[in-house]
Amino acid sequence: MKTNLQAMWLRTSTDISVRQRLNDVLRQAIIRMVLAPGQALSEKELADLFAVSRQPVREAFIRLSESGLVEVRPQRGTYVVRIFRQAVLEARFIRESLEVSIVREAAKQPLQSGVIMELNELIDRQRSCIERQDHDRFFFLDEMFHRTLAFATGQTMAWNVIEDVKAQLDRVRYLSIPDSTPIAKLADQHQAIVDAVAAGDSSLAVEAMGIHQREILHSLPELERRFPEMFEEQAPVHSALAL
């Protein structure tokens, strides 16, 4: 675990603040199960691991608490929260609502040919992950695909909202690859979205995005059965003030 965290830390840009680097690394470590649901987090151990002071670690904990990824238990410590089903469902609803609107606008504009080419290139790179079973790389390229669509339509604020709410959803998405939701299936869904947008067919684009965003509803029950220790029925009571 420590080796993985250090590797993730070294891959982050030194052009951003230590606080932001810590938040990015810990967020991704939780989403990718490097830090498992229920795992205790030590402010001192993480500060020592990354060779930073404890203050930016504390600040990262506050942000992660606000995102619903860690729970602060007074006098007991800070823990990675287990996945709360209702939080996943609500985040999925918000994301579908916003991304359906984004592709509707993308199909109406229409997008520049260079953007369509970039989206198709991202799908080709996603498909290259299939044989190698490079799930981490695919997850990154999946994010790039959706971000590119949002930015191309000028909906950067909508993407920021999606980023804010989808942390719990991302953990389920990561768990679902590759067994519950194969990479090839997701890449095919991305292609259907791009083809509809390129054709200027907003109705088809909306339908394709809706199918894609509802994919997680099919895999969630199976994941709850396979990984019961990662899920919980009630949302944790967490408070940044308790830090």
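I will try to describe carefully the structure that is included in this document.

Reading the values: rules and limits
- Residues numbered from 1 in each chain as written.
- Predicted model: local features only at pLDDT ≥ 70, side-chain atom pairs only at ≥ 80, totals over all residues.
- Heavy atoms only, no water.
- Helix = DSSP H or I, 4+ residues; strand = E, 2+ residues; numbered from the N terminus.
- Buried < 20%, exposed > 50% of the residue type's maximum accessible area, 1.4 Å probe, protein only.
- Axes fitted to C-alpha atoms, helices over the stretch in contact; angles between N-to-C directions.
- Parallel < 35°, antiparallel > 145°, perpendicular 65-115°, else oblique.
- Left-handed = near helix turned anticlockwise from the far one by under 90°.
- Contact = heavy atoms within 4.5 Å.
- Nonpolar A, V, L, I, M, F, W, Y, C, P; charged D, E, K, R; others polar.
- Pairing = 2+ DSSP bridges.
- Phe/Tyr/Trp six-rings, centres within 6.5 Å; stacked < 30°, edge-to-face > 60°.
- Lys NZ or Arg CZ within 6 Å of the ring centre and 35° of its normal.
- Expected span 1.5 Å × (residues − 1).
- Polar contact = N/O pair within 3.5 Å; in protein donor to acceptor, adjacent residues only side chain to side chain.

Another aspect to go through is the environment of E229. Here E229 shows up in the loop between α12 (215–226) and β5 (231–232). Here E229 falls in the partly exposed class, since its relative accessible area comes to 46%. Placed 147 residues apart in sequence, E229 and R82 show a C-alpha to C-alpha distance of 8.0 Å.

Moving on, we come to the packing of helix α5 (residues 85–108) against helix α11 (residues 202–213). At a minimum axis distance of 8 Å, the contact between α5 and α11 shows a crossing angle of 155 degrees. With respect to α11, the element α5 is oriented roughly antiparallel. In this structure, α5 meets α11 at a crossing whose hand is right-handed. The segment α5 lies against α11, with R92, R95, E96, E99, V100, V103, R104, A107 and K108 engaging S202, A205, V206, M209, G210 and Q213. When its residues are assigned to classes, the contact of α5 with α11 shows six nonpolar, three polar and six charged.

It is worth spelling out the pairing of strand β2 (residues 70–73) at this point. The pairing of β2 with strand β3 (residues 77–80) spans four bridges and is classified as antiparallel. Bridging across to β3, V70 finds its partner in V80. Following β2, the chain reverses through three residues before pairing antiparallel with β3; Q75 in that reversal takes a positive phi of roughly 70 degrees.

Moving on, we get to the packing of aromatic side chains. Here the structure, examined in full by the defined rule, presents two aromatic pairs. Arranged with centres 5.4 Å apart and planes meeting at 80 degrees, the rings of F139 and Y174 form a pair that is edge-to-face. Of this pair, F139 sits in helix α7 (residues 135–152) while Y174 sits in helix α9 (residues 167–176), and the two are 35 residues apart along the sequence. Accessibility classification places F139 together with Y174 in one group, the buried group. Positioned over the ring face of W9 is R21, at 3.9 Å from the centre of the ring. Over the ring of F151 we find R147; its NZ or CZ atom is 4.1 Å from the centre of that ring.

For the rest of this paragraph, the subject is α11. Across its twelve residues, α11 extends 16 Å between first and last C-alpha, which sits within 8% of the 16 Å expected from 1.5 Å per residue. Among all positions of α11, only A205, A208, M209, G210, H212 and Q213 are buried. Next to the buried residues of α11 lie α5, α7, α10 (183–198) and α12. Where α11 begins, the capping side chain belongs to D201, and its oxygen is found 3.3 Å from the backbone nitrogen of S203.

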